[in-house]
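# A structural walkthrough
If you want the building blocks of each chain, they are given just below.
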Amino acid sequence: MNKINDDLLNRGISSIYPSKEFLQNKIDKGEKLTIYLGIDPTGPTLHLGHAIPIKKLSEFQKMGHKIILLMGDFTAMIGDPTDKSATRKQLTHKEVMSNLKNYKKQASTLISFKGKNAAQFKFNSKWLKKMKFGDVLSLASKMTVQQMLERDMFEKRIEEGKPIYIHEFMYPLMQGYDSVAMNVDGEIGGNDQTFNMLCGRDLLKTIKNKDKFVITMKLLEDNSGKKMGKTEGNMVALSDTPEEMYGKVMSWTDELIIPGFELCTDVSSVEIENMSEELKSNKVNPRDLKMKLAYELVKVFSGEEKAQKAKEGWENTFSKKEIPEDISEIGVNKGDLLVDVLLNNELVSSKSDFRRLVDEKAITNLDNDEKVSSYNEEVKDGVYRIGKKRFCKIKIK
RNA sequence: GCGUCGGUGGCAGAGUGGUCAAUUGCAUUUGACUGUAAAUCAAACGCCCUUGCGGCUACGUAGGUUCGAAUCCUACCCGGCGCACCA
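Every chain's residues receive numbers from 1 upward, in the order its sequence appears when written. Lettering for chains starts from A, numbering for ligands starts from 1, and both go in the order in which the items are written. It should be noted that, the model being predicted, local features are given only for residues of pLDDT at least 70 and side-chain atom pairs only at 80 or more, the latter also being counted only at that level, while totals for whole chains, interfaces and linings use all residues.

### Overview of the protein's contact with RNA strand B
Around RNA strand B there are 27 residues in total, and Arg287, Ser350, Glu360, Ala362 and Gly387 lie nearest to it. Where the surface near RNA strand B is concerned, the elements lending two or more residues are helix 16 (286-302), helix 17 (304-319) and helix 19 (351-359). When residues are grouped by polarity, Ala, Val, Leu, Ile, Met, Phe, Trp, Tyr, Cys and Pro land in nonpolar, Asp, Glu, Lys and Arg in charged, and all others, Gly among them, in polar. Its residues placed into classes, the surface near RNA strand B shows 7 nonpolar, 9 polar and 11 charged. In this text, near has one meaning. A residue is near a molecule or strand if its C-beta atom, placed using the backbone, is within 6 Å of it. We count a stretch as a helix when DSSP gives it H or I for four or more residues in a row; a strand needs E for two or more, and each element gets its number in order from the N terminus.

### Concerning the environment of Ala118
Tracing the sequence through the fold places Ala118 in the loop between helix 6 (103-107) and strand 4 (120-123). C-beta atoms are first placed from the backbone for all residues, and any pair lying within 7 Å is then listed as a contact. Residues contacting Ala118, with those up to four places away along its chain left out, are Ser112 and Phe113.

### A closer look at the nonpolar core
Linking buried Ala, Val, Leu, Ile, Met, Phe, Trp, Tyr and Cys residues through C-beta atoms within 7 Å yields a set, and such a set is a nonpolar core. Exposure in this text rests on C-beta crowding, where 20 or more other C-beta atoms within 10 Å of a residue's own make it buried, 12 or fewer make it exposed, and counts in between make it partly exposed. The C-beta atoms are placed from the backbone. Counting 59 residues, the largest nonpolar core has Leu37, Ala51, Leu57 and Val249 as its most contacted members. The dominant element in this core, judged by the number of residues it contributes, is helix 3 (residues 48-62), at 6 residues. Not counting chain neighbours up to four residues away, the residues in contact with Ala51 comprise Leu46, Leu110, Leu238 and Cys264.

### Things to note about helix 16
Counted at 1.5 Å a residue, the expected span for helix 16 with its 17 residues is 24 Å, and the 24 Å between its end C-alpha atoms agrees. By the burial criterion, the buried members of helix 16 are Leu293, Ala294, Leu297, Val298, Lys299 and Ser302. Gly303 occupies a position one or two residues after helix 16 and carries a positive phi of about 90°. One less than the number of residues in a helix, times 1.5 Å, gives the span that helix is expected to have.

Structure representation (structure tokens):
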């Protein structure tokens, strides 16, 4: 078919079940499909890992398909055992609701909740909460323990003598039931969700004799297979400022450059291919490509203007070693000790921490370019730099 | 319910009467190097006053034994595993 469609079913996609042809066929026939993405609100912000399937979803929306963003407000309380070597602490519904407070707004940078083909925003507690024990049992009778046990992380836990709770077994069933309850045509998600999503496919087939398609997206990961995550500290959150996003991308390892372009930006596939070639043949400085990636990525979420500003801000701070533009200004009294000021503003975590930094000559007064060398130094007017990333502007009242 | 093993710093995981603020790995911070990073190397990494082979707080909770406990004892709380049913 046409070019757009080509990207639609290829770019960033890990696999399509039952097959790409199956889905292509439906689209070619002009069917209006209902497709959903489920997110468990386990944290207060959406991050790039969520944004990747949301972005794909938006492509479907633009083509006139119906899309649903499903909040797993019920399932989040149980906790998806995927990728967890230990049982996750269960969340209360209140915590979950507070987590997802901003999701809709954050997602609306990519998909539209307004207009004639508005995306729907749903909650799975609506049907899961109402289920009776009998309903649960009949659902549970559709799946075997062996099927569940096949999952690696269960095997691993058994080996390590760690507990597996029954409710964790139930998780894929619940997620699968979402498909049945909403009677969707398809589901999209990260390829770490493959098992759960296929579970829904099975259920839909058994219960409603409907063939649900499943699209799994590639994950943004380096070649050691380590997913980017909060623990890595460089996971872009959709609540980040353009500057923060830009900075985080720049701290990614080089291997993420090409996947980053493919998964998170609107740069054309051809262009990406070219860049990939250039990288391999060392024709370009990876840094320059990464800067382009950072720019393009910020553009997707915040627009061109903000992206440009973020870029300039970053260049000033790091490349030219200048001070970032908008650093917080702290008003102090004459004679205050620098330690106290920094401690009160949480720029150092304790007085001991401060002393260590002084010993390491990590604190510099940029106005006269002198290192702070005494523990008991009084504050001076001017800009201080602590390590590489922390800055503060001090103003004596 | 019975038996048994265990609860240690952000996490993982040593330590089983004194030299333990507690080995080590990961994470983190800082410095060097660089392409901004990554990798690598060096250092730091409970808090407080800094003068110290300093003070304070910490090894699930509460008591106890001891000159001295993360280490021993008692009770309690929490967890794993096994057994008890199907045989």
